[in-house]
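Single-letter residue listing:
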Amino acid sequence: AACSLIWVRSYGSVGDDIGYSLSYHVDGAKVYLCGSGGGSVSSQPYYGNIDFVVVKVDAQTGTQEWARSHGGSGEDSCSRIIFSSLYNMVVATGRVTGSLYDEFNIGDLTTTTVVHDEAGNLKGIEMHGVVQRDTSGALHVTGSGYSLFVGGTTSGSMDGQFLTSGQDGYLRKLPLSSILKYVD
């Protein structure tokens, strides 16, 4: 049977852009996409090389509502995004090579988690990692919205957990409220 395409849209910059993850809003009206941008996406600042990008889209029409970029001078990317219905916020995680806002880069690549409200305003950021490389690729906010789980790969000892090989997987649990620094 033939597929009935409803819509397809491109979101990006003049550089190479990649979409890695999406999350569907609970009311079915919005979709959030994250990935990396090789240039300015929707007139957002371009921090250099490749940036961590989050995009909000109308699920019915595909119309982009907003885009946000974060980054250092190196290869930054967002690998996982989810919508928390309790907080009505978008939580995205990935890796960044430089410091962001008042958070400081720990090493070469640092696990970075950002939180935006539905309007795209930055509500929180957390950078966590080791002197070597680490990145996140797994993310979950509990149904109650209070706990945030971030998982990924590290090439260094993290928070008293010692590296057993060249790279290890890790899983962190923290209260989501602990990274909400910019809530009005």
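The structure contained in this document is the topic of the report that follows.

The rules we used
- Residues numbered from 1 in each chain as written.
- Predicted model: local features only at pLDDT ≥ 70, side-chain atom pairs only at ≥ 80, totals over all residues.
- Heavy atoms only, no water.
- Helix = DSSP H or I, 4+ residues; strand = E, 2+ residues; numbered from the N terminus.
- Rg over C-alpha atoms; globule rule 2.2 N^0.38 Å.
- Buried < 20%, exposed > 50% of the residue type's maximum accessible area, 1.4 Å probe, protein only.
- Contact = heavy atoms within 4.5 Å.
- Lys, Arg positive; Asp, Glu negative; His and termini not counted.
- Charge placed at Lys NZ, Arg CZ, Asp CG, Glu CD.
- Polar contact = N/O pair within 3.5 Å; in protein donor to acceptor, adjacent residues only side chain to side chain.

1. Thoughts on the overall build of the protein
At step 1: A tally of helices and strands in the protein yields 0 helices and 11 strands.
At step 2: Reading the protein from its N terminus to its C terminus gives the helix and strand order β-β-β-β-β-β-β-β-β-β-β.
At step 3: In terms of C-alpha radius of gyration, the protein reaches 16 Å, essentially the compact-globule figure of 16 Å for 184 residues.
At step 4: Taken along the three principal axes of its C-alpha coordinates, the protein extends 50 × 45 × 40 Å.
At step 5: Across the 184 residues in the protein, those meeting the buried criterion constitute 50%.
At step 6: Within the protein, counting contacts between residues at least 6 apart in sequence, those at least 24 apart form 53% of the total.
At step 7: Here the protein holds 11 positive side-chain charges and 18 negative ones, and the gap between their average locations is 5 Å.

2. Considerations on the environment of Asp51
At step 1: Within the fold, Asp51 resides in strand β3 (residues 51-58).
At step 2: Along the chain, Asp51 and Thr97 lie 46 residues apart, while their C-alpha atoms are 9.6 Å from each other.
At step 3: Apart from residues lying up to four places away in sequence, Asp51 is in contact with Gly35, Ser36, Gly37, Pro45, Tyr46, Ser69, His70, Gly71, Gly72, Asp76 and Ser77.
At step 4: Reaching out from Asp51, the side chain makes a polar contact with the backbone nitrogen of Tyr47 at a distance of 2.8 Å.

3. What about the side chain of Thr110?
At step 1: The residue Thr110 is located in strand β7 (residues 110-117) in this model.
At step 2: Not counting residues up to four positions away in its chain, the partners in contact with Thr110 are Gly94, Arg95, Val96, Asn105, Met127, His128, Gly129 and Asp134.

4. Observations concerning the environment of Cys34
At step 1: Among the structural elements, Cys34 can be located in strand β2 (residues 30-37).
At step 2: Judged by relative accessible area, Cys34 falls into the buried class, the value being 2%.
At step 3: Leave out the neighbours within four places in its chain, and Cys34 touches Ile18, Gly19, Tyr20, Ser21, Val53, Val54, Cys78, Ser79, Arg80 and Ile81.

5. Let's talk about unusual backbone geometry
At step 1: Residues other than glycine seldom take positive phi values, yet Ser42 does so here, at roughly 55°.
At step 2: Residue Asn49 is not a glycine yet carries a positive backbone phi of 60°.
At step 3: Tracing the chain through its elements places Asn49 in the loop between β2 and β3.
At step 4: According to the relative accessible area criterion, Asn49 is partly exposed, its value standing at 40%.

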